[in-house]
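Descriptive structure summary
So the chains spell out like this:
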Amino acid sequence: MIRLKNDIQIEGIRKSCRLLAEMYKNIIPQVVAGMSTKDIDDLCLEYMQAHGGKPAWYRENFPGAACVSVNNEVIHGVPSKKRKIKEGDLVSIDVGIDLNGYISDSAVTLMIGKVKPEYQKLVEVTRQCLAAGIEACKVGNRIRDIGAAVSAVAEAAGYGVVYEYCGHGGGLEVHEDPSVPNVVGRGPNPRIQPGMVLAIEPMINFGVPDVELAEDGWTVLTTDGKFSAHEEHTVAVFRDHTEILTLRD
(Lines give C-alpha, C1' and ligand atoms only; values in the text may rest on other atoms or scores of the structure.)
Protein backbone atom coordinates (compact mmCIF):
# COMPACT_ATOMS: atom_id res chain seq x y z
CA MET A 1 0.00 0.00 0.00
CA ILE A 2 1.32 3.44 -0.95
CA ARG A 3 1.28 5.88 1.96
CA LEU A 4 0.81 9.49 0.92
CA LYS A 5 2.50 11.87 3.34
CA ASN A 6 0.90 15.01 4.80
CA ASP A 7 2.69 18.35 5.24
CA ILE A 8 3.78 17.59 8.81
CA GLN A 9 5.28 14.25 7.80
CA ILE A 10 7.04 15.73 4.79
CA GLU A 11 8.58 18.42 6.98
CA GLY A 12 9.93 15.75 9.33
CA ILE A 13 11.31 13.79 6.38
CA ARG A 14 12.78 17.00 4.96
CA LYS A 15 14.71 17.63 8.21
CA SER A 16 16.10 14.11 8.13
CA CYS A 17 17.11 14.55 4.50
CA ARG A 18 18.81 17.87 5.24
CA LEU A 19 20.85 16.16 7.96
CA LEU A 20 21.87 13.44 5.49
CA ALA A 21 22.85 16.04 2.88
CA GLU A 22 24.95 17.90 5.47
CA MET A 23 26.57 14.63 6.51
CA TYR A 24 27.67 13.96 2.94
CA LYS A 25 28.98 17.50 2.55
CA ASN A 26 31.03 16.96 5.70
CA ILE A 27 32.45 13.51 4.99
CA ILE A 28 33.01 13.54 1.21
CA PRO A 29 36.15 15.72 1.41
CA GLN A 30 37.54 13.30 4.03
CA VAL A 31 37.30 10.19 1.84
CA VAL A 32 40.77 9.57 0.43
CA ALA A 33 42.96 6.73 -0.77
CA GLY A 34 44.40 4.64 2.05
CA MET A 35 41.43 4.70 4.39
CA SER A 36 39.29 1.63 4.96
CA THR A 37 35.62 1.28 4.15
CA LYS A 38 35.09 0.93 7.92
CA ASP A 39 36.69 4.36 8.36
CA ILE A 40 34.04 5.77 6.01
CA ASP A 41 31.30 4.00 7.96
CA ASP A 42 32.66 5.47 11.20
CA LEU A 43 32.57 9.00 9.76
CA CYS A 44 28.92 8.54 8.79
CA LEU A 45 27.90 7.11 12.14
CA GLU A 46 29.73 9.74 14.18
CA TYR A 47 28.17 12.58 12.21
CA MET A 48 24.59 11.37 12.37
CA GLN A 49 24.79 10.53 16.07
CA ALA A 50 26.35 13.91 16.86
CA HIS A 51 23.29 15.54 15.29
CA GLY A 52 20.57 13.45 16.88
CA GLY A 53 20.16 10.82 14.17
CA LYS A 54 20.70 7.08 14.03
CA PRO A 55 21.22 4.61 11.18
CA ALA A 56 18.19 3.57 9.17
CA TRP A 57 19.38 0.13 8.10
CA TYR A 58 18.00 -1.30 4.90
CA ARG A 59 17.92 -4.60 6.80
CA GLU A 60 17.95 -4.68 10.57
CA ASN A 61 21.08 -6.78 11.10
CA PHE A 62 23.28 -5.11 8.46
CA PRO A 63 26.80 -4.81 9.97
CA GLY A 64 27.35 -1.08 9.52
CA ALA A 65 25.70 2.33 9.47
CA ALA A 66 26.53 2.81 5.77
CA CYS A 67 26.76 0.56 2.74
CA VAL A 68 30.19 1.17 1.20
CA SER A 69 30.64 -0.49 -2.20
CA VAL A 70 33.88 -0.38 -4.20
CA ASN A 71 34.33 -0.79 -7.97
CA ASN A 72 32.46 -3.95 -9.04
CA GLU A 73 30.42 -3.93 -5.84
CA VAL A 74 27.07 -2.50 -6.90
CA ILE A 75 25.29 -2.00 -3.56
CA HIS A 76 25.21 -3.17 0.07
CA GLY A 77 28.98 -3.35 0.51
CA VAL A 78 29.86 -4.29 4.09
CA PRO A 79 32.26 -1.85 5.82
CA SER A 80 35.56 -3.53 6.66
CA LYS A 81 38.80 -2.50 8.34
CA LYS A 82 40.65 -4.74 5.87
CA ARG A 83 39.19 -3.19 2.72
CA LYS A 84 41.36 -0.20 1.82
CA ILE A 85 40.38 2.18 -0.94
CA LYS A 86 42.99 3.26 -3.43
CA GLU A 87 43.69 5.73 -6.21
CA GLY A 88 41.39 5.14 -9.18
CA ASP A 89 38.61 3.44 -7.22
CA LEU A 90 34.92 4.18 -7.44
CA VAL A 91 33.39 4.20 -3.95
CA SER A 92 29.61 4.22 -3.60
CA ILE A 93 28.24 5.26 -0.20
CA ASP A 94 24.58 4.60 0.59
CA VAL A 95 23.18 5.90 3.88
CA GLY A 96 19.81 6.21 5.54
CA ILE A 97 19.22 8.30 8.65
CA ASP A 98 16.39 7.95 11.14
CA LEU A 99 15.77 11.37 12.69
CA ASN A 100 12.91 11.29 15.20
CA GLY A 101 11.20 8.53 13.25
CA TYR A 102 11.59 10.16 9.84
CA ILE A 103 13.76 8.39 7.28
CA SER A 104 16.14 9.83 4.68
CA ASP A 105 18.00 7.84 2.04
CA SER A 106 20.70 8.90 -0.42
CA ALA A 107 23.70 7.45 -2.23
CA VAL A 108 26.68 8.93 -4.02
CA THR A 109 29.56 7.45 -6.00
CA LEU A 110 32.92 9.08 -5.33
CA MET A 111 35.91 9.01 -7.66
CA ILE A 112 39.10 8.52 -5.66
CA GLY A 113 42.03 10.49 -7.01
CA LYS A 114 42.79 10.04 -10.69
CA VAL A 115 40.11 7.77 -12.17
CA LYS A 116 40.21 6.31 -15.69
CA PRO A 117 38.21 8.45 -18.14
CA GLU A 118 35.82 5.60 -18.94
CA TYR A 119 34.87 5.33 -15.27
CA GLN A 120 34.55 9.08 -14.92
CA LYS A 121 32.02 8.89 -17.73
CA LEU A 122 30.19 6.05 -15.98
CA VAL A 123 29.73 8.19 -12.88
CA GLU A 124 28.68 11.22 -14.91
CA VAL A 125 26.11 9.22 -16.86
CA THR A 126 24.76 7.66 -13.66
CA ARG A 127 24.20 11.16 -12.29
CA GLN A 128 22.46 12.08 -15.54
CA CYS A 129 20.28 8.99 -15.12
CA LEU A 130 19.27 10.16 -11.66
CA ALA A 131 18.45 13.63 -12.95
CA ALA A 132 16.35 12.14 -15.76
CA GLY A 133 14.50 9.89 -13.34
CA ILE A 134 13.72 12.81 -11.05
CA GLU A 135 12.55 14.91 -14.01
CA ALA A 136 10.07 12.14 -14.91
CA CYS A 137 8.82 11.94 -11.32
CA LYS A 138 5.91 14.35 -11.44
CA VAL A 139 2.18 14.34 -10.93
CA GLY A 140 0.35 12.73 -13.83
CA ASN A 141 3.19 10.45 -14.87
CA ARG A 142 3.49 6.84 -13.81
CA ILE A 143 6.22 4.96 -11.97
CA ARG A 144 7.38 3.27 -15.19
CA ASP A 145 8.11 6.70 -16.66
CA ILE A 146 10.95 7.00 -14.14
CA GLY A 147 12.51 3.71 -15.24
CA ALA A 148 12.04 4.62 -18.89
CA ALA A 149 13.90 7.89 -18.37
CA VAL A 150 16.75 6.25 -16.43
CA SER A 151 17.26 3.38 -18.84
CA ALA A 152 17.12 5.62 -21.93
CA VAL A 153 20.10 7.64 -20.71
CA ALA A 154 22.13 4.64 -19.59
CA GLU A 155 21.49 2.49 -22.64
CA ALA A 156 22.32 5.36 -24.99
CA ALA A 157 25.77 5.36 -23.39
CA GLY A 158 26.08 1.58 -23.77
CA TYR A 159 25.77 0.70 -20.08
CA GLY A 160 23.85 -2.03 -18.28
CA VAL A 161 20.98 -1.00 -16.01
CA VAL A 162 20.59 -3.16 -12.90
CA TYR A 163 17.09 -4.63 -12.90
CA GLU A 164 17.18 -6.95 -9.87
CA TYR A 165 17.28 -4.02 -7.41
CA CYS A 166 15.43 -0.72 -7.56
CA GLY A 167 14.26 2.41 -5.81
CA HIS A 168 11.31 2.56 -3.49
CA GLY A 169 8.92 4.61 -1.43
CA GLY A 170 10.16 5.91 1.90
CA GLY A 171 10.02 8.54 4.59
CA LEU A 172 8.35 6.67 7.44
CA GLU A 173 10.06 3.33 6.86
CA VAL A 174 13.26 2.53 5.00
CA HIS A 175 11.45 0.64 2.25
CA GLU A 176 7.83 1.38 1.39
CA ASP A 177 5.62 0.87 -1.63
CA PRO A 178 5.90 1.50 -4.50
CA SER A 179 8.95 -0.13 -6.00
CA VAL A 180 10.69 2.25 -8.41
CA PRO A 181 12.54 0.19 -11.06
CA ASN A 182 15.23 1.69 -13.26
CA VAL A 183 13.93 -0.25 -16.27
CA VAL A 184 10.47 -0.60 -17.76
CA GLY A 185 9.12 -3.85 -16.34
CA ARG A 186 5.77 -5.55 -16.00
CA GLY A 187 5.12 -4.84 -12.32
CA PRO A 188 2.67 -2.37 -10.76
CA ASN A 189 2.61 1.01 -12.49
CA PRO A 190 0.78 3.44 -10.20
CA ARG A 191 0.12 7.04 -11.09
CA ILE A 192 2.48 9.50 -9.37
CA GLN A 193 0.50 11.54 -6.84
CA PRO A 194 1.06 14.48 -4.49
CA GLY A 195 2.28 13.23 -1.11
CA MET A 196 4.48 10.47 -2.50
CA VAL A 197 8.00 10.30 -1.09
CA LEU A 198 10.29 8.22 -3.28
CA ALA A 199 13.92 7.13 -3.29
CA ILE A 200 15.10 7.14 -6.90
CA GLU A 201 18.38 5.28 -7.30
CA PRO A 202 19.94 4.27 -10.61
CA MET A 203 22.52 1.48 -10.37
CA ILE A 204 24.44 1.51 -13.64
CA ASN A 205 27.04 -1.06 -14.69
CA PHE A 206 29.93 -0.47 -17.08
CA GLY A 207 29.20 -3.88 -18.61
CA VAL A 208 26.25 -6.25 -18.41
CA PRO A 209 23.26 -5.44 -16.17
CA ASP A 210 23.38 -8.77 -14.32
CA VAL A 211 24.40 -9.01 -10.67
CA GLU A 212 25.08 -11.70 -8.08
CA LEU A 213 25.32 -11.94 -4.31
CA ALA A 214 28.79 -12.20 -2.76
CA GLU A 215 29.74 -14.91 -0.29
CA ASP A 216 29.21 -12.51 2.63
CA GLY A 217 25.47 -12.66 1.95
CA TRP A 218 25.17 -8.89 1.65
CA THR A 219 27.29 -7.36 -1.09
CA VAL A 220 25.85 -7.28 -4.62
CA LEU A 221 28.46 -7.69 -7.38
CA THR A 222 28.50 -7.29 -11.15
CA THR A 223 28.64 -10.74 -12.74
CA ASP A 224 31.32 -9.68 -15.22
CA GLY A 225 33.54 -7.98 -12.62
CA LYS A 226 33.26 -4.56 -14.26
CA PHE A 227 32.71 -1.33 -12.35
CA SER A 228 29.34 0.00 -11.25
CA ALA A 229 28.03 3.40 -10.06
CA HIS A 230 25.11 4.24 -7.80
CA GLU A 231 23.40 7.60 -7.23
CA GLU A 232 20.27 8.21 -5.15
CA HIS A 233 18.05 11.02 -3.89
CA THR A 234 14.90 11.06 -1.80
CA VAL A 235 12.23 13.26 -3.39
CA ALA A 236 8.80 14.49 -2.35
CA VAL A 237 6.04 14.97 -4.91
CA PHE A 238 3.81 18.03 -4.74
CA ARG A 239 0.97 19.02 -7.03
CA ASP A 240 3.05 21.55 -8.98
CA HIS A 241 6.64 20.37 -8.44
CA THR A 242 8.93 17.63 -7.12
CA GLU A 243 11.41 18.55 -4.40
CA ILE A 244 14.80 16.85 -4.05
CA LEU A 245 14.94 16.51 -0.28
CA THR A 246 18.52 15.18 -0.07
CA LEU A 247 20.01 17.73 -2.47
CA ARG A 248 23.53 18.84 -1.54
CA ASP A 249 24.39 22.47 -2.26
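Higher on the page you've got the structure.
Residues numbered from 1 in each chain as written. Predicted model: local features only at pLDDT ≥ 70, side-chain atom pairs only at ≥ 80, totals over all residues. Heavy atoms only, no water.

Things to note about the overall build of the protein
Along the protein, the regular secondary structure elements total 4 helices and 15 strands. A globule of 249 residues ought to have a C-alpha radius of gyration of about 18 Å, and the protein, at 17 Å, matches this closely. In terms of overall dimensions, the protein has C-alpha extents of about 45 × 45 × 35 Å along its principal axes. Classification of the 249 residues of the protein by burial places 53% in the buried group. (Helix = DSSP H or I, 4+ residues; strand = E, 2+ residues; numbered from the N terminus. Rg over C-alpha atoms; globule rule 2.2 N^0.38 Å. Buried < 20%, exposed > 50% of the residue type's maximum accessible area, 1.4 Å probe, protein only.)

Focus on the pairing of strand β5 (residues 102-111)
Counting buried positions along β5 yields 8 of 10 residues, so the element is predominantly enclosed. With 10 bridges joining them, strand β4 (residues 90-99) and β5 adopt antiparallel strand pairing. When the bridges of β5 are listed, I97 appears paired with S104. Hairpin connection between β4 and β5: a loop of 2 residues separates the two successive antiparallel strands, and N100 in this loop has a positive phi of roughly 55°. (Pairing = 2+ DSSP bridges.)

Quick word on the nonpolar core
Formed by 25 residues in total, the largest nonpolar core has its most connected members in M23, I93 and V95. Counting only elements with at least two residues in this core, the list comes to α1 (7-27), α2 (37-50), β2 (66-70), β4 and β5. Among the nonpolar cores identified, the runner-up in size contains 14 residues, and V115, V123, C129 and I204 belong to it. (Core = buried A, V, L, I, M, F, W, Y, C linked by side-chain atoms within 4.5 Å.)

Side note on the sheet that holds strand β12 (residues 220-222)
In a beta sheet, neighbouring strands pair by backbone hydrogen bonds and run either parallel or antiparallel. Taken in spatial order, the 3 strands of this open sheet run β3-β12-β11, and their pairing is antiparallel. Every other strand in the sheet has two partners, leaving β3 (73-75) and β11 (211-213) as the edge strands with one partner each. Shown here is a sheet whose adjacent strand axes are inclined to one another by a mean of 45°, direction ignored. Sheet topology note: the β11/β12 ladder contains 3 bridges and is antiparallel. Its bridge partner being in β12, E212 is matched across the sheet by L221. (Axes fitted to C-alpha atoms, helices over the stretch in contact; angles between N-to-C directions.)

A look at the sheet that holds strand β6 (residues 160-161)
Taken in spatial order, the 3 strands of this open sheet run β6-β10-β13, and their pairing is antiparallel. Strands at the two margins of the open sheet, each flanked by one partner only, are β6 and β13 (228-230). Relative to strand β10 (residues 203-205), β6 is paired through 2 bridges, and the arrangement is antiparallel. What sits directly across from V161, in β10, is I204. The strands touched by helix α3 (residues 117-136) are β10 and β13; relative to β13, the strand with the most contacts, the crossing angle is about 35°. (Contact = heavy atoms within 4.5 Å.)

Digging into helix α4 (residues 143-156)
The periodicity of an α-helix, 3.6 residues per turn, causes residues three or four places apart in sequence to face the same way. For α4, with 14 residues, the first-to-last C-alpha span of 21 Å sits near the 20 Å given by 1.5 Å per residue. Those residues of α4 that fall on the buried side of the exposure criterion are I143, I146, G147, A149, V150, S151 and A154. Next to the buried residues of α4 lie α3, β6, β8 (176-180), β9 (197-200) and β10. Looking at the residues trailing α4, positive phi occurs at G158, about 85°. (Expected span 1.5 Å × (residues − 1).)

Quick notes on the environment of H175
Position of H175 among the secondary structure elements: in the loop between β7 (167-169) and β8. Sequence-wise, H175 and G52 are 123 residues apart; in three dimensions their C-alpha atoms are separated by 21 Å. Contact partners of H175, with chain neighbours within four places excluded, come to Y58, H168 and G169.

Comments concerning the side chain of S16
Inspection of the secondary structure puts S16 in helix α1. Setting aside anything within four residues of it in sequence, one finds S16 in contact with I97, L99, Y102, I103 and S104.

Quick look at the packing of α3 against α4
Orientation of α3 relative to α4, taken along the N-to-C sense of each, is 155°, at an axis distance of 8 Å. Comparing their axes, α4 and α3 come out roughly antiparallel. As α3 runs across α4, the sense of the crossing is right-handed. For the pair α3 and α4, contact is made by V125, Q128, C129, A132, G133 and A136 and by D145, I146, A149, V150, V153 and A154, respectively. Looking at the contact of α3 with α4 residue by residue, the classes come out as 9 nonpolar, 2 polar and 1 charged. (Parallel < 35°, antiparallel > 145°, perpendicular 65-115°, else oblique. Left-handed = near helix turned anticlockwise from the far one by under 90°. Nonpolar A, V, L, I, M, F, W, Y, C, P; charged D, E, K, R; others polar.)

A look at the packing of aromatic side chains
Any pair of aromatic rings gets described here by the distance separating the centres and the angle formed by the planes. In total, this model carries 4 aromatic pairs according to the counting rule given. Centroid distance F62 to W218: 5.2 Å. Interplanar angle 85°. Geometry classified as edge-to-face. One end of the pair, F62, is in the loop between β1 (54-55) and β2; the other, W218, is in the loop between β11 and β12, with 156 residues separating them in the sequence. Owing to a relative accessible area of 5%, F62 belongs among the buried residues under this scheme. Judged by its relative accessible area of 12%, W218 is buried. Ring centres 4.0 Å apart and planes at 20° place the aromatic pair Y119 and F227 in the stacked group. Separated by 108 residues along the polypeptide, Y119 in helix α3 and F227 in the loop between β12 and β13 bring together distant segments of the chain. The pair Y119 / F227 is uniform in exposure class, with both members buried. Linked through ring pairs, Y119, Y159, F206 and F227 together constitute an aromatic cluster. (Phe/Tyr/Trp six-rings, centres within 6.5 Å; stacked < 30°, edge-to-face > 60°.)

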